[in-house]
Amino acid sequence: MKWLTYIWIGILLLITGISIPQCLNTAGEGSFINKTGQQSTLDPQGPIAQNQLDVFYVTLWVTLFLFITVGGALAFATWKFRVRKGDDPDFIPAQSHGHPLVELGLVVGSAALLVVIAIPTFSGILLKDQIPVPEDGEVIEINVTGYQWWWGFEYPEHGIHTANEIVFPAGKVVKLNLKANDVIHSFWLPKLAGKLDLIPGRDNKMWIQADEPGYFWGQCAEYCGDSHAYMLFRAVALSEEDYAAWVVDQQTQSVVGEADYSPVNFEEADKDLVLKGTDLFVQNCARCHSVDPNVQTMGPNLAHFGSRTSIAAGWLENEPENLEHWILHPDKVKPGNFMWKGFPDPYNPKGPPQMEGLKDANLTREDAQALVAYLYSLK
Ligand code: CUA
């Protein structure tokens, strides 16, 4: 059995040997934990994430200290007082029953270490819960709604609805009001803040702030059904001027009018293809997707879709091949999604769907290409 012990010790040493340098230097390229760094909590880009990383490190160092001292004492005693050749196996050494000063010292020492962890932890909880009011009183407020399996972002001050890409100015406090439309989701933007659940029937609030303009990856962090893992989002922190310009862009209609879905701006696009796409969109998509930034329907709002960087709730980059694949085979991209199978009738979930999905639309490749051309004309 001796070799088994050696293997175990070897594995433990290997894990320790790999993890300690990783903990010390994680943000760098080529790190094991942080291959791409897109969702690394160890690379904070805002005050909340920085505070939470500080709490993590305090806890890590304190527990590492305890692990090494307690584990080291245990290993030393086990080795020093091991049974040797010729020892009497029935021998019992003199029994001692503790030393009051040592015991008191250990109790006080452990309590003191807990206090060392508790102080930054509690102040971190307060920091996270108290949404700061800046001197100019200007707080950017965004209503975030979790759906299976995408994110709705509403800017109540500007009357804008968008989906799956949250845009805000860097350096400003952004207050997020979190709601869920169906089941529990969790909003997680690792480089800016920890997770907070979106719960049906409950209003949760959190705040984020990005130090500098940047591009961030977010993720739903609470299991919410078939395509939970594909429920991502992207976040874009812009400079103040760029943000102001973005708001104006978003407020502008990209289609002709309420009943007319034709894009305002064709640019260099093939006009016939775009018009075919417009018809297909009205027949197959418009019941769930609005292209009016002022209106939120049951599917993601697609106003200004052409200016987004990602599709399918942050899962794919917004490129023509990806979009064509997503329109033709949504079930292969995100299993279980309603765009493919249709919306169930809430009163008869096992019966025919209340709204048909794309699986009954029999779109051809040419149809998908026309829809791609149409969607890209919405800038
Ligand atoms: Cu939404 Cu997991």
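Everything below is about the structure shown above.
We now turn to the structure provided with this report.

Definitions and cut-offs
- Position numbers for residues count from 1 along each chain, tracking the sequence in the order it is written.
- Selection of residues for local features in this predicted model requires a pLDDT of at least 70, selection of side-chain atom pairs for listing and counting requires 80 or more, and totals for whole chains, interfaces and linings are taken over all residues.
- Calculation of side-chain values draws on the structure's entire complement of heavy atoms; hydrogens and water are dropped beforehand.
- Type-normalised accessible area, obtained with a 1.4 Å probe on protein chains alone, sets the label of each residue: buried when under 20%, exposed when over 50%, and partly exposed for intermediate values.
- Each helix is a run of DSSP H or I of at least 4 residues and each strand a run of E of at least 2, with the numbering of both proceeding from the N terminus.
- When DSSP finds two or more bridges between two strands, those strands count as paired.
- In protein, a polar contact requires one atom able to donate a hydrogen and another able to accept it; more generally it is a pair of N or O atoms within 3.5 Å, and residues adjacent in sequence count only if both atoms are side-chain atoms.
- What a helix should span is 1.5 Å times the count of its residues minus one.
- Note on definitions: a residue-residue contact is assigned when non-hydrogen atoms from the two residues lie within 4.5 Å.
- What counts as an axis is a line fitted to C-alpha atoms, over the stretch in contact for a helix, and the angles between N-to-C directions run from 0 to 180 degrees.
- Sulfur atoms of two cysteines make up a disulfide when they are within 2.5 Å.
- Working definition: a ring pair exists when centres of Phe, Tyr or Trp rings (six-membered ring for Trp) sit within 6.5 Å. Plane angles under 30 degrees give stacked, over 60 give edge-to-face, the rest tilted.
- Using only the protein atoms, space was sampled on a 1 Å grid; points where a 1.4 Å probe fits but cannot get out form cavities, open sets with protein on both sides within 12 Å along at least five of seven lines form pockets, and lining residues are those with an atom within 4 Å of a point.
- Grid points are joined across faces, edges and corners, and a volume is the space filled by probe spheres set on the points.
- In the scheme used here, Gly and all other residues not listed as nonpolar or charged are polar, with Ala, Val, Leu, Ile, Met, Phe, Trp, Tyr, Cys and Pro taken as nonpolar and Asp, Glu, Lys and Arg as charged.
- Side-chain atoms within 4.5 Å link the members of a nonpolar core, which is a set of buried Ala, Val, Leu, Ile, Met, Phe, Trp, Tyr and Cys residues.
- Oblique is the label for any angle not covered by the other classes, which are roughly parallel (under 35 degrees), roughly antiparallel (over 145) and roughly perpendicular (65 to 115).
- Salt bridges are identified by distance alone: a Lys or Arg side-chain nitrogen within 4 Å of an Asp or Glu carboxyl oxygen.

**Considering the pairing of strand β2 (residues 150–155)**
Strand residues, when the strand is regular, have side chains that alternate between the two faces of the sheet.
Okay, step 1: In terms of burial, β2 is largely enclosed, as five of its six residues are buried.
Okay, step 2: Alignment of strand β1 (residues 140–147) against β2, held across five bridges, turns out to be antiparallel. Within the sheet, the bridge partner assigned to V144 lies in β2 and is F153.
Okay, step 3: In this antiparallel pair of consecutive strands, β1 and β2, the connection spans two residues.
Okay, step 4: Alignment of β2 against strand β3 (residues 160–163), held across four bridges, turns out to be antiparallel.

**A few points about the environment of Q52**
Okay, step 1: For Q52, the position within the fold is in helix α2 (residues 47–80).
Okay, step 2: The sequence separation of Q52 and P120 amounts to 68 residues, and the corresponding C-alpha distance is 9.1 Å.
Okay, step 3: Within the structure, Q52 has its side chain in polar contact with the backbone nitrogen of G194 (distance 2.8 Å).

**Things to note about helix α9 (residues 365–376)**
Okay, step 1: Helix length check: α9 (12 residues) gives 17 Å between terminal C-alpha atoms against 16 Å at 1.5 Å per residue, within 8%.
Okay, step 2: In terms of burial, α9 is a largely internal element, nine of the 12 residues being buried.
Okay, step 3: When α9 is considered as a whole, its buried residues turn out to be D367, A368, A370, L371, V372, A373, Y374, L375 and Y376.
Okay, step 4: The elements touched by buried residues of α9 are α5 (271–284) and α6 (320–328).

**A closer look at the sheet that holds strand β8 (residues 204–208)**
Okay, step 1: If you walk across this open sheet you meet the five strands as β3-β2-β1-β5-β8, and the pairing is mixed. Two strands bound the open sheet, and with one partner strand each, they are β3 and β8. Shown here is a sheet whose adjacent strand axes are inclined to one another by a mean of 25 degrees, direction ignored.
Okay, step 2: As paired elements, strand β5 (residues 174–180) and β8 share five bridges and run antiparallel to each other.

**Some remarks on the state of the cysteines**
Okay, step 1: Counting across every chain of the model gives zero disulfides.
Okay, step 2: Looking at C288, it has no disulfide partner, and the nearest cysteine sulfur is the one in C285, 8.8 Å off.

**Examining the packing of aromatic side chains**
The geometry of two aromatic rings is summed up by the distance between their centres and the angle between their planes.
Okay, step 1: Taken as a whole and assessed by the stated rule, the structure comprises 15 aromatic pairs.
Okay, step 2: Plain terms: the ring middles of Y230 and W315 are 4.7 Å apart, the flat faces sit at 70 degrees to each other, and that makes the pair edge-to-face. Residue Y230 is found in the loop between β9 (214–220) and β10 (232–238), and its partner W315 is found in the loop between β11 (310–311) and β12 (316–317); the two are separated by 85 residues along the sequence.

**Comments concerning the layout of surface pockets**
Okay, step 1: Counted as a void, the largest pocket has a volume near 790 Å³.
Okay, step 2: Residue lining of the largest pocket: 43 residues in total, with H289, G299, P300, W326 and M339 positioned closest to the centre.
Okay, step 3: Where the lining of the largest pocket is concerned, the elements lending two or more residues are α5, β11, α6, α8 (338–341) and α9.
Okay, step 4: Volume-wise, the second largest pocket comes out at about 510 Å³.
Okay, step 5: Mapped onto the lining of the second largest pocket, the elements with two or more residues apiece are α1 (2–24) and α2.
Okay, step 6: When grouped by side-chain class, the residues that make up the lining of the second largest pocket number 11 nonpolar, five polar and no charged.

**Brief notes about the nonpolar core**
Okay, step 1: The biggest cluster of nonpolar side chains holds 40 residues, and the ones touching the most others in it are I142, F168, L176 and F187.
Okay, step 2: Membership of the second largest hydrophobic core comes to 30 residues, among which are Y261, I311, L363 and L375.

**A closer look at α5**
Okay, step 1: Taking 1.5 Å as the rise per residue, α5 with 14 residues should run 20 Å; its terminal C-alpha atoms sit 20 Å apart, in good agreement.
Okay, step 2: Within the span of α5, buried status applies to V274, G277, T278, L280 and F281.
Okay, step 3: Contact partners of the buried residues in α5: α9.
Okay, step 4: Put simply, D270 is the residue that caps the front of α5, since its side-chain oxygen is 3.1 Å from the backbone nitrogen of D272.

**Examining the packing of α5 against α9**
Okay, step 1: Contact geometry of α5 with α9 gives a least axis separation of 7 Å together with a crossing angle of 100 degrees. When the axes of α5 and α9 are compared, the pair comes out roughly perpendicular. Seen from α5, the contacting residues are L273, V274, K276, G277, T278, L280 and F281; seen from α9, they are E366, D367, Q369, A370, L371, A373, Y374 and L375.
Okay, step 2: Residues that form the contact of α5 with α9 fall into these classes: nine nonpolar, three polar and three charged.

**Some details on the pattern of salt bridges**
Okay, step 1: Overall, the coordinates contain nine salt bridges when judged by the stated rule.
Okay, step 2: Ionic pairing is found between K172 and E138, a salt bridge with its closest N-O pair at 3.2 Å. With K172 in the loop between β4 (165–169) and β5 and E138 in the loop between α3 (100–129) and β1, the pair connects residues that are 34 residues apart, well separated along the chain.
Okay, step 3: Judged by its relative accessible area of 37%, E138 falls in the partly exposed class.
Okay, step 4: K359 is the partner of D360 in a salt bridge, and the nearest nitrogen-oxygen pair spans 3.6 Å.

**Examining the environment of W340**
Okay, step 1: Structurally, W340 can be placed in helix α8.
Okay, step 2: Residue W340 is classed as partly exposed on the basis of its relative accessible area of 23%.
Okay, step 3: Setting aside residues no more than four positions away along its own chain, W340 makes contact with L328, P330, D331, G357, L358 and K359.

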